[in-house]
Amino acid sequence: MKPKEKQNTVELYYMEARAKLIDIAAFMDRVERDGFTDDFRYKAFKDALRELDSENRAQAVLLSLSDPTEELIPFATTKAACGAWPDKP
Amino acid sequence: MRYIEPHAHMVSRTTDDYMAMVTAGCKAVCEPAFWAGFDRSSAHGFYDYFCQLTDYEPKRAAKFGLPHFSWLCINPKESEDVKLADEVIALIPEFLKRDNVLGIGEIGLNKNSRNEMTVLEKHVNVAAENDQLILVHTPHLEDKRKGTQLIVDLIKSDSRIDPGKVLIDHVEEHTAKYVMDAGFWGGLTLYPESKCTSARAIDILENFGSERLWMNSACDWGVSVPLAVPYAAHEMRRRGYDDDAIDQVFYRNPVKFLSQCPNFTVR
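Residues numbered from 1 in each chain as written. Chains lettered and ligands numbered in written order. Predicted model: local features only at pLDDT ≥ 70, side-chain atom pairs only at ≥ 80, totals over all residues.

Novice: Please give an account of the pairing of strand 7 (residues 185-189) of chain B that cites residues and values.
Specialist: Residues and elements named next belong to chain B. A large share of strand 7 lies buried, amounting to five of its five residues. Because side chains alternate across strand 7, one face comprises the buried residues Trp 185, Gly 187 and Thr 189, and the other comprises Gly 186 and Leu 188, equally buried. Across two bridges, the pairing between strand 6 (residues 166-168) and strand 7 is parallel. By the bridge assignment, Ile 168 is partnered in strand 7 with Gly 186. In this fold, the crossover linking strand 6 to strand 7 by way of helix 6 (residues 176-181) has right-handed handedness. By the bridge criterion, four bridges tie strand 7 to strand 8 (residues 213-216) in an arrangement that is parallel. Among the inter-strand pairings, Leu 188 is bridged to a residue of strand 8, identified as Met 215. Crossover connection from strand 7 via helix 7 (residues 198-208) to parallel strand 8: handedness right-handed. (Buried ≥ 20, exposed ≤ 12 C-beta atoms within 10 Å, placed from the backbone. Helix = DSSP H or I, 4+ residues; strand = E, 2+ residues; numbered from the N terminus. Pairing = 2+ DSSP bridges. Right-handed = clockwise from strand over helix to strand, strands pointing away.)

Novice: How would you explain the packing of helix 3 (residues 82-95) of chain B against helix 4 (residues 114-129) of chain B if you had to name every residue and give the values?
Specialist: Each pair of packed helices can be described by the angle between their axes along with the distance between the axes. All names here are of chain B. Closest axis-to-axis distance for the helix 3/helix 4 pair is 11 Å, and the angle between their directions is 15°. Classed by the angle they form, the pair helix 3 and helix 4 counts as roughly parallel. Every pair of crossing elements has a handedness; the one defined by helix 3 and helix 4 is right-handed. Here Val 82, Ala 85, Ile 89, Ile 92 and Pro 93 of helix 3 lie close against helix 4, whose contacting residues are Asn 115, Thr 118, Val 119, Lys 122, His 123 and Val 126. Counted by class, the contact of helix 3 with helix 4 contains seven nonpolar, three polar and one charged residues. (Axes fitted to C-alpha atoms, helices over the stretch in contact; angles between N-to-C directions. Parallel < 35°, antiparallel > 145°, perpendicular 65-115°, else oblique. Left-handed = near helix turned anticlockwise from the far one by under 90°. Contact = placed C-beta atoms within 7 Å. Nonpolar A, V, L, I, M, F, W, Y, C, P; charged D, E, K, R; others polar.)

Encoded structure:
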């Protein structure tokens, strides 16, 4: 699916993306300032940032934050997801 | 514009939301059975909930001129208790006779556990035995990739199920291809943080095709936006899409899938 009138996507999305980029930078500053860099979610977050150099960046970031295993777990101990795979080495 | 809201938990929403949706052009709303935010203590709680979905909520929606349809199941978040799930699943065939029921949903996986898979298989069996449409919930965040593949592989292996009568919901960039390549329909859920933004949902339409995809708000009792669907339509317009393309994604696509159920009619 493609639009009949293609727009300039930088024009459309630059300011929004710029704001999100600065929010990420500020988040990282905040975590490091407050000493929570050992949190597995923050480590996963930093790993996922490396995927910005890849092709299909959105997919690569999502996969980086995903459980890569294939087997069912014995039973669910929680209902919620946390956004990063806790067992990532 | 006109649109269908194919996934909204309206029992958790206010009459103001109904008013806003109708004003924005909503022509029908479809409500899958969901987790209440707490575990129900018995199958009696589900009996009452199914009555709410098939009797009371359609009447509440009708006050705003909005046709209301529902899907029935025990949600995967409550699937660890297989005995309870068996009792709830036994209730479903009787409710399938009600006029606003579209099929079995939203079934699926949450944390990808063995009991969740057992209960998913039981739901799929009910759908097959009663020739019902299926709406599937895929897991959240880090559990989505694995869960989506497990779900797709299970349903694909059941020769009784036509993939064209199954919609796998909450797809994202890393799961859309697996779902679409297997012949299923896909759902894009518009959430502020934990699923797709409008811009990403439109990216997925552009990358994976728009023939078998719909968008929904999945608005419920959590952080969600009841008007997310018309907001996404506005985003498509900003990107240069014309009225016909928008009508296809937000009206004709859901109508095409849902019309496979004889109970679904829209003016």
